[in-house]
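Here is what each chain is made of, one letter per residue.
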Amino acid sequence: MTREYDEKRDFIRIDIDCEVTFKKLDSTEEEMIGRVANLSGRGMMFISDTELEKNIVLEVNITPKNILTPSLHANVKVVRVIKQRHADGYEVGAVIKEIYDDEA
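Below is a summary of the structure that appears in this document. Note that this is a predicted model, so its numbers are computed, not measured.

**So, the pairing of strand β4 (residues 57–62)**
Working note: regular strand, side chains alternate between the two faces of the sheet.
Piece 1. The pairing of strand β1 (residues 14–24) with β4 spans 5 bridges and is classified as antiparallel. When the sheet's bridge partners are listed, F22 is paired in β4 with V60.
Piece 2. Pairing of β4 with strand β5 (residues 72–83), which is carried by 6 bridges, proceeds in the antiparallel orientation. Along β5, the bridge assignment pairs N61 with H73.

Following this line, the structure appears as structure tokens:
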């Protein structure tokens, strides 16, 4: 039996579909809203209506609708921004830099 694909990532990606709010770190600008497509222990991919700059740091908040999935409040660094082919918006790849412990 041969494997057609070997996962080379340190963390498995989990497909999710929920809202994410984000803004530039330490910004007083209004938060923007996007949709998270997948999440891993190291990063995330989300869809934004706004084209973001590569290498900026964002503060993100993900609050899934089901109570089994924990929320995430973190700083992420944008590493990839790709215009979507068949829809409006941009696919944003980001690396998690810091996770906040909101319960502390």
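**Points about the environment of L58**
Piece 1. Relative to the assigned elements, L58 resides in strand β4.
Piece 2. Those residues in contact with L58, other than ones at most four positions away along the chain, are F22, K23, K24, L25, F46, L52, A74, N75, V76 and V78.

**Remarks on the packing of aromatic side chains**
Piece 1. According to the stated counting rule, one finds 1 aromatic pair in the structure shown.
Piece 2. With centroids separated by 5.0 Å and ring planes inclined at 50 degrees, the aromatic side chains of F22 and F46 adopt a geometry described as tilted. Separated by 24 residues along the polypeptide, F22 in strand β1 and F46 in strand β3 (residues 43–48) bring together distant segments of the chain. Judged on exposure class, the residue F22 and its partner F46 are both buried.
Piece 3. In this structure, K83 packs its charged tip against the face of Y90, placed 5.3 Å from the ring centre.

Thresholds, definitions, all that
The residue count restarts for each chain, going from 1 along the sequence in the order it is written. Local features in this predicted model are restricted to residues whose pLDDT is 70 or higher, and side-chain atom pairs enter the listing and the counts only when it is 80 or higher, whereas totals over whole chains, interfaces and linings include all residues. Side-chain numbers here rest on the full set of heavy atoms in the structure, without hydrogens or water. Strands are treated as partners if at least two bridges between them are detected by DSSP. Counting from the N terminus, the helices are the DSSP runs of H or I reaching at least four residues and the strands are the DSSP runs of E reaching at least two. Contact definition: two residues touch when any of their heavy atoms are within 4.5 Å. Two aromatic rings, drawn from Phe, Tyr or Trp (for Trp, its six-membered ring), form a pair once their centres lie within 6.5 Å of each other, and the interplanar angle then sorts them: stacked below 30 degrees, edge-to-face above 60, tilted otherwise. Think of it in three bands: residues with accessible area under 20% of the maximum for their type are buried, residues over 50% are exposed, and the middle band is partly exposed, with areas taken using a 1.4 Å probe on protein chains only. Whether a charge sits over a ring depends on NZ of Lys or CZ of Arg being within 6 Å of the ring centre and within 35 degrees of the ring normal.

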